[in-house]
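Chain by chain, the residues:
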Amino acid sequence: MAKENNNNQWMEKISSLCKRRGFVFPSSEIYGGLAAIYDYGHYGTLLKNNIRDAWWKEMVQLRDDIVGLDSAIFMHPTTWVASGHVGGFNDPQVDCRNCKTRFRADHILEEFGINADKAPLEEINKELDKLRAENKLKCAVCGSTDLTPAKVFSLMVKSNIGSPTEELKEENVVYLRPETCGGIYLEYKNTLSSLHIKLPFGIAQVGKAFRNEIVARQFIFRTREFEQMEMQYFLHPSIMKEKYEMWKNIRWKWYLEYGINEKEIRWYKHAKLAHYASEAYDVEFNFKSLGGFKEVEGIHARGNWDLSQHSKHSGVDLSYFDEKTGEKFIPHIMETSVGLNRLVLMFLDHAYTEEKAPTADGKEDLRVVLKLDKRLAPIKVAILPLSKKEELTVPAKKIYEKLKKLFMVEYDETQSIGKRYRRQDEIGTPYCITVDFDTLKDKAVTVRDRDTMQQERIAMDKLEKYLTDKLKQSDL
Ligand code: GAP
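None of the values given here were measured: they were computed from a predicted structure. (Residues numbered from 1 in each chain as written. Predicted model: local features only at pLDDT ≥ 70, side-chain atom pairs only at ≥ 80, totals over all residues. Heavy atoms only, no water.)

Engineer: Is there a simple way to think about the sheet that holds strand E3 (residues 66-68) in this case?
Structural biologist: Backbone-to-backbone hydrogen bonds pair the strands of a sheet. The strands run either parallel or antiparallel. Pairing is mixed across the open sheet formed by seven strands, whose spatial order is E3-E9-E10-E16-E13-E12-E11. Strands with a single pairing partner mark the edges of an open sheet, and in this sheet they are E3 and strand E11 (265-269). Averaged over all adjacent pairs, the angle separating strand axes in this sheet is 25 degrees, with direction ignored. The pairing of E3 with strand E9 (residues 201-210) spans three bridges and is parallel. In the strand pairing of E9, Gly68 is matched with Ala204. Helix-sheet contacts for helix H8 (residues 188-195) involve E3, E9 and strand E10 (225-235), and the interaxial angle to E9 is about 140 degrees. Packing of helix H11 (residues 340-351) onto the sheet brings it into contact with E9, E10, strand E12 (279-287), strand E13 (292-301) and strand E16 (332-339), and relative to E12 it is tilted by some 40 degrees. (Pairing = 2+ DSSP bridges. Helix = DSSP H or I, 4+ residues; strand = E, 2+ residues; numbered from the N terminus. Axes fitted to C-alpha atoms, helices over the stretch in contact; angles between N-to-C directions. Contact = heavy atoms within 4.5 Å.)

Engineer: Teacher, can you tell me more about the pattern of salt bridges here?
Structural biologist: Should their charged atoms come close, side chains of opposite charge can pair. For the structure shown, the criterion picks out 39 salt bridges. A salt bridge links Arg367 to Asp425; its shortest N-O distance comes to 2.9 Å. With Arg367 in strand E18 (residues 364-370) and Asp425 in helix H13 (residues 417-427), this pair connects stretches of sequence that are 58 residues apart. Taking relative accessible area as the criterion, Arg367 reaches 0% and is therefore assigned buried. Among the charged side chains, a salt-bridge network with shared partners connects Glu355, Arg367, Lys371, Asp425 and Arg448. (Salt bridge = Lys/Arg side-chain N within 4 Å of Asp/Glu carboxyl O. Buried < 20%, exposed > 50% of the residue type's maximum accessible area, 1.4 Å probe, protein only.)

Engineer: When you look at the site of the ligand in this model, what are you seeing that I'm missing?
Structural biologist: In the vicinity of the ligand lie 19 residues, with Glu179, Glu213, Glu230, Glu295 and Val296 positioned nearest. Coverage of the ligand by the protein chains reaches 91% of its 560 Å² of free accessible surface. Within the residue set of the shell around the ligand, elements represented by two or more residues are E10, E13 and E16. Here the residues of the shell around the ligand are counted per class, giving five nonpolar, five polar and nine charged. (Near = heavy atom within 4 Å. Areas by Shrake-Rupley, 256 points an atom, 1.4 Å probe, with all protein chains shown as cover. Nonpolar A, V, L, I, M, F, W, Y, C, P; charged D, E, K, R; others polar.)

Engineer: Got a minute to help me understand the side chain of Thr446 in this structure?
Structural biologist: By secondary structure assignment, the location of Thr446 is in strand E22 (residues 444-449). Given a relative accessible area of 10%, Thr446 falls into the buried group. A polar atom in the side chain of Thr446 sits 2.7 Å from the side chain of Arg457. (Polar contact = N/O pair within 3.5 Å; in protein donor to acceptor, adjacent residues only side chain to side chain.)

Engineer: What exactly am I supposed to notice about the pairing of E13 here?
Structural biologist: When a strand is regular, its side chains alternate between the sheet's two faces. With seven of 10 residues buried, E13 lies mostly within the body of the structure. As paired elements, E12 and E13 share nine bridges and run antiparallel to each other. Bridge pairing links Glu279 to Ala301 in E13.

Engineer: What am I meant to see in a nonpolar patch on the surface here?
Structural biologist: Among the surface-exposed residues, Leu386, Phe437 and Leu440 lie close enough to one another that they form a single nonpolar patch of about 230 Å² accessible area. Mapped onto the elements, Phe437 comes out in helix H14 (residues 437-442). (Patch = residues over 30% accessible without salt bridge, like charges linked within 9 Å, V, L, I, M, F, W, Y side chains within 5 Å.)

Engineer: Is there a simple way to explain the state of the cysteines in this structure?
Structural biologist: Per the counting criterion, the structure on display carries zero disulfides. Looking at Cys142, it has no disulfide partner, and the nearest cysteine sulfur is the one in Cys96, 3.7 Å off. Cys142 sits in the partly exposed class, given a relative accessible area of 34%. (Disulfide = S-S within 2.5 Å.)

Engineer: Got a minute to help me understand unusual backbone geometry in this structure?
Structural biologist: Most of the time, phi is negative for any residue but glycine, and the peptide bond is trans. The residue after Leu199, namely Pro200, is reached through a cis peptide bond having omega -5 degrees. Position of Pro200 relative to the elements: it lies in the loop between H8 and E9. We note that Ala36 has phi near 65 degrees; this positive angle belongs to a residue other than glycine. Relative to the helices and strands, Ala36 is located in the loop between strand E1 (24-26) and strand E2 (38-40). Take Ala36: its relative accessible area is 6%, and that puts it in the buried class. With phi around 50 degrees, Lys443 is a residue other than glycine that occupies positive phi space. Tracing the sequence through the fold places Lys443 in the loop between H14 and E22.

Engineer: It is not clear to me how the sheet that holds strand E21 (residues 431-435) should be interpreted in this structure. Could you clarify?
Structural biologist: In space, the five strands of this open sheet follow the order E20-E19-E21-E22-E23, with mixed pairing throughout. Both edges of this open sheet fall to strand E20 (409-411) and strand E23 (455-459), since each of them pairs with a single strand only. Neighbouring strand axes in the sheet, compared pairwise and without regard to direction, differ in orientation by 25 degrees on average. Where E22 lies against E23, five bridges are found, and the strand directions are antiparallel. The partner of Ala444 across the bridge, within E23, is Ala459. Docked against the sheet, H13 engages strand E19 (381-385), E20, E21, E22 and E23, running at close to 170 degrees with respect to E19.

Engineer: What should I look at first to understand the pairing of E12 in this one?
Structural biologist: By the criterion of burial, E12 is predominantly enclosed, with seven of the nine residues buried. When E11 meets E12, the two strands line up antiparallel, connected through five bridges. Bridge pairing links Lys269 to Tyr281 in E12. From the end of E12 to the start of E13, which pair antiparallel, there are four residues, and Gly291 there has a positive phi angle of about 75 degrees.

The following block contains the structure:
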């Protein structure tokens, strides 16, 4: 029977590390929490920002054909009528009448090997009825067979602005954007005319999106408030195939660049496409915490649907005039769309390691270490004086003051050195610097590598260069 609650041991380990070490907290916890909404603590924010910066670097900084945007979350409500979201952005929902747990019907069917992605409601209910008749349809939580038929559930999150009263009047309804690309389509014309760019070109943006997800039990994999990193590439349809392959290639390599193993990702080709789309592939990552391959990114050839729809609904001509060929046309769009929070989970899932390690007294214990790519690690270097004595803390603080101008660094003089190493391992800090009594004589410090635990003696006046080389930020 459907196991929508994918929490396994690995997920528990990751989510408990996230809470214990200040990466991710359940939102509004003191009020009992809010389902599928999370807050990011100090290290989670740093990790998320580093992933976002790595994406931005690849997608904007290193490219001549992509520009950035930061559009508003609230948009004119017609935007979402034109895009088809108001009428059709739904998921099929099934409820357990006994324990009141809510499921996505297509996910239930997926557990039985039935692909019901984008399938019409009648088809989904037919399949559910078949399973019911065979007595296979049971609630994954309480085991009851008393499940409702599938019904349509809108994913759009409503709000209202400008209403003098508390009630949500239809004319004041605005939506929290369900995807960030809507803002890109609406700013396509302004971007084109203000930056004088020519096709093909892309607009990239990172920002919050909101969906009233039915099933919300997968930690930060599927949440109701999340961040997307999207790029919409505007082009003439004649080069769609070529550019689609180019972007598939670029995005695949990005994962490998940041330490993901080729065996851990795969392409999933969508068999059922939206009526306007000509191709859709997902990048899937093999999550240990979710028990298998799950989507992290979508790459979609969307035709000229988006700009045509916004042209039609706004009455504004969004066509492009090619001065070279004299052709006037509505640009087609190739999009890459990835969830930032989902990538946080992916990199944590990939990096989380438990291994045997020697202790100071020659025994062995289990060490938890986040083997994150150094460029993504929240803290790059920790400075740890061996004792709290001033003769060590003063030079250690001097190193800290110097290095913090270059990287995110931490100073820590509490607890034993072994415990401090383990704490830094758990948050993925690539290098720990120990200032010891020998430092006073030889003007050198010990640098410990997170992954190998090897220690090297480095002269203090060479430390900056040593770390800068090791932490090189521009390998792309
Ligand atoms: N503009 C296209 C679009 O939004 P999508 O497949 O619905 O396509 C793209 O979403 C990506 O956004 C997904 O691959 C996923 O990484 C992320 N995403 C979607 N819904 C999410 C949710 N509820 N929580 C976290 N990430 C989500």
